[in-house]
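Here are the chains, one letter per residue:
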2 protein chains.
Amino acid sequence: MEALLTRRSIRKYKQGDIPDSLIKDVLTAAMSAPSAGNQQDWQFVVIRDRQTLNRITEIHKSSQMLNDAIAAVLVCGDLAAERYRGFWVQDCSAAMENLLLAIHASGFASVWLGVYPRQERMDGLRKLLGIPEQVVPFAIAPVGIPNEKKGRENRYTESKIHHDRW
Amino acid sequence: MEALLTRRSIRKYKQGDIPDSLIKDVLTAAMSAPSAGNQQDWQFVVIRDRQTLNRITEIHKSSQMLNDAIAAVLVCGDLAAERYRGFWVQDCSAAMENLLLAIHASGFASVWLGVYPRQERMDGLRKLLGIPEQVVPFAIAPVGIPNEKKGRENRYTESKIHHDRW
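Everything numeric here is computed off the predicted structure, so don't read it as measured data. (Residues numbered from 1 in each chain as written. Chains lettered and ligands numbered in written order. Predicted model: local features only at pLDDT ≥ 70, side-chain atom pairs only at ≥ 80, totals over all residues.)

S.K.: When you look at the overall build of chain A in this model, what are you seeing that I'm missing?
M.R.: For chain A, the count of helices and strands is five helices and seven strands. Seen in sequence order, chain A has helices and strands lined up from the N terminus as α-β-α-β-α-β-α-β-α-β-β-β. Scored against the burial criterion, the 166 residues of chain A give a buried share of 48%. Excluding contacts between residues fewer than 6 apart, the proportion of contacts in chain A whose partners are at least 24 apart in sequence is 79%. (Helix = DSSP H or I, 4+ residues; strand = E, 2+ residues; numbered from the N terminus. Buried ≥ 20, exposed ≤ 12 C-beta atoms within 10 Å, placed from the backbone. Contact = placed C-beta atoms within 7 Å.)

Given below as structure tokens:
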């Protein structure tokens, strides 16, 4: 609960390293997400290559923090594994949110960089990373050492809650 | 991290009650999710009325567990609040996943009941609950007392992970 309430979008990272086990741990959390029919219609590209990270910043205009990230995970939708049509975006979003929460709970920093449905971002990443036709580049989670502090922000808004009916 | 790894879809509930603070706590967690441009383009209908819960099971064929649920939260997308076109589904999915994790972390049971993009489910809920035009019924999270035990399931799949490129 603490992790849910304190996760924030962190865009400034400093130099450092991450434990060997971190990527496996956060991907395990991502794959623990629910998916329609438990189809787990997601795939992941883990990018640690410095040149590739830097090149992504040319494709995705809001991803400049990747220059300082240690790694990044591109979550992709696997349309060939989707059983209930139209649900893959929700499945990948749940995996992405788990991924962000796991990175935060482990003491590292991340932010949701949206890719889908922006065509130029999808096309650019597909080409750069060699992603096949039936797979859709969905969102990027950088993994960084936090270099800014953001406290808990209470976004609870009573007016967004309706009781029994609208 | 423990909550991320142990959350499962629980569909069997027993009688009991929930603390007064629970709904507010889990909605606070839901609203702590990231959203595109921090637009928080979500709305929530909290349903505790027994007749309404039962009537939802007639609209949504996979929602029979609502007969035994104490409450349910319908997450909705607020298209009027969406700033970056096409991202509201991801925003609502992140809020929904936070909601499920918070219910689980609080010792209660839930499951992701997909609504959007199934037209008959959206239409039925819109009519039953009086949801306005610019708001889209997205997904339902029941809140129940767990009446089945499901252990941790390791869904980590090495073959879904690609390094630096596909």
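Once you've had a look at it, read on.
S.K.: Looking at this structure, how should I read the sheet that holds strand E3 (residues 71-78) of chain A?
M.R.: Neighbouring strands of a sheet are bound in pairs by backbone hydrogen bonds; such pairs are parallel or else antiparallel. If you trace the five strands from one edge of the open sheet to the other, you get E4(A)-E5(A)-E3(A)-E2(A)-E7(B), paired in mixed fashion. A single partner strand is all that each edge strand has here, and the edge strands are strand E4 (113-114) of chain A together with strand E7 (161-163) of chain B. Here E4 of chain A pairs with strand E5 (residues 135-143) of chain A via two bridges, running antiparallel. Counted as the bridge partner of Gly-114 of chain A is Ala-139 of chain A from E5 of chain A. Against the sheet, helix H5 (residues 119-129) of chain A touches strand E2 (42-47), E3 and E5 of chain A, its axis set at about 85 degrees to E5 of chain A. (Pairing = 2+ DSSP bridges. Axes fitted to C-alpha atoms, helices over the stretch in contact; angles between N-to-C directions.)

S.K.: Is there a simple way to explain the packing of helix H4 (residues 88-105) of chain A against helix H4 (residues 88-105) of chain B in this structure?
M.R.: Each pair of packed helices can be described by the angle between their axes along with the distance between the axes. Their axes nearest at 8 Å, the elements H4 of chain A and H4 of chain B cross at an angle of 55 degrees. Comparing the axis directions of H4 of chain A and H4 of chain B gives the class oblique. The way H4 of chain A lies across H4 of chain B gives a crossing that is right-handed. Two secondary-structure elements touch here, H4 of chain A through Val-89, Gln-90, Ser-93, Ala-94, Glu-97 and Asn-98 of chain A and H4 of chain B through Val-89, Gln-90, Ser-93, Ala-94, Glu-97 and Asn-98 of chain B. Each residue belonging to the contact of H4 of chain A with H4 of chain B can be placed in one class, and the counts come to four nonpolar, six polar and two charged. (Parallel < 35°, antiparallel > 145°, perpendicular 65-115°, else oblique. Left-handed = near helix turned anticlockwise from the far one by under 90°. Nonpolar A, V, L, I, M, F, W, Y, C, P; charged D, E, K, R; others polar.)

S.K.: In this structure, what is going on with the interface of chain B and chain A? I would like to understand it.
M.R.: For interface size, the figure often reported is the accessible area lost on association. On the side of chain A, 52 residues touch chain B, which itself brings 52 residues to the contact. Mapped onto the side of chain B that touches chain A, the elements with two or more residues apiece are helix H1 (2-6), helix H2 (22-31), strand E2 (42-47), H4 and E7 of chain B. For the side of chain B that touches chain A, the leading source of residues is H4 of chain B, giving ten residues. Residue classes in the side of chain B that touches chain A are distributed as 29 nonpolar, 15 polar and eight charged. Note: strand E7 (residues 161-163) of chain A against E2 of chain B, three bridges, orientation parallel.

S.K.: Could you clarify how one ought to interpret the confidence of the model for chain A in this entry?
M.R.: The predicted coordinates of low-pLDDT regions are not to be read in fine detail. When pLDDT is averaged across chain A, the result is 97; 100% of the residues are at 70 or more. Predicted as a complex, the structure gets a pTM of 0.97 and an ipTM equal to 0.97. (pLDDT = per-residue confidence, 0-100.)

S.K.: Would you explain the relation of the copies chain B and chain A in this entry?
M.R.: For these two chain copies, the linking operation is a rotation about an axis paired with a shift along it. Here chain B sits on chain A after a turn of 180 degrees about the axis and a move of 0.0 Å along it, with an RMSD of 0.0 Å. Here the copies are linked by what is in effect a two-fold axis. When the interface residues of chain B are mapped onto chain A, 100% of them again lie at the interface, so the same face is used by both copies. (Least-squares fit on C-alpha atoms with pLDDT ≥ 70 in both.)

S.K.: I'm lost on the pairing of E2 of chain B in this one. Help?
M.R.: Successive residues of a regular strand alternate their side chains across the two faces of the sheet. Residues and elements named next belong to chain B. Most of E2 is tucked away: five of the six residues are buried. In terms of strand pairing, E2 meets strand E3 (residues 71-78) through six bridges, oriented antiparallel. Along E3, the bridge assignment pairs Val-46 with Val-73.

S.K.: I keep staring at the nonpolar core and nothing clicks. Help me out?
M.R.: Side chains that are nonpolar tend, in soluble globular proteins, to be buried together. Core analysis: the biggest nonpolar cluster contains 116 residues, and Val-75, Leu-99 and Ala-141 of chain A together with Val-75, Leu-99 and Ala-141 of chain B have the highest contact counts within it. When residues no more than four places from it in sequence are discounted, the contact partners of Val-75 of chain A are Trp-42, Phe-44, Cys-92, Ala-95, Met-96, Leu-99, Phe-138, Ala-139 and Ala-141 of chain A. (Core = buried A, V, L, I, M, F, W, Y, C linked by C-beta atoms within 7 Å.)

S.K.: Would you take a moment to explain helix H2 (residues 22-30) of chain A for this structure?
M.R.: Because an α-helix packs 3.6 residues into every turn, residues spaced three or four apart end up facing the same way. For H2 of chain A, the complete set of buried residues consists of Ile-23, Val-26, Leu-27, Ala-29 and Ala-30 of chain A. On an axial view of H2 of chain A, the arc spanned by its buried residues comes to 155 degrees, and they lie on one face. If you follow the buried residues of H2 of chain A, they end up packed against E2, E3 and H4 of chain A together with H1 and E7 of chain B. (Arc of directions from axis to C-beta.)

S.K.: I'm lost on the sheet that holds E3 of chain B in this one. Help?
M.R.: Taking strand neighbours across the sheet as the criterion, the five strands line up as E7(A)-E2(B)-E3(B)-E5(B)-E4(B) in an open arrangement whose pairing is mixed. Pairing within the sheet leaves two strands with one partner each, and these edge strands are E7 of chain A together with strand E4 (113-114) of chain B. The strands that helix H5 (residues 119-129) of chain B touches are E2, E3 and strand E5 (135-143) of chain B; relative to E5 of chain B, the one it contacts most, it runs at about 85 degrees.

S.K.: Explain H5 of chain A to me, please; I cannot follow it from the model alone.
M.R.: All names here are of chain A. Three or more residues of H5 are buried, namely Arg-121, Leu-125 and Leu-129. Buried residues along H5 cover an arc of 35 degrees about the axis, so they all sit on one side. Pointing more than 90 degrees away from the buried face of H5 are the exposed residues Gln-119, Glu-120, Asp-123 and Lys-127. Taken together, the buried residues of H5 touch E2, helix H3 (50-59), E3 and E5.

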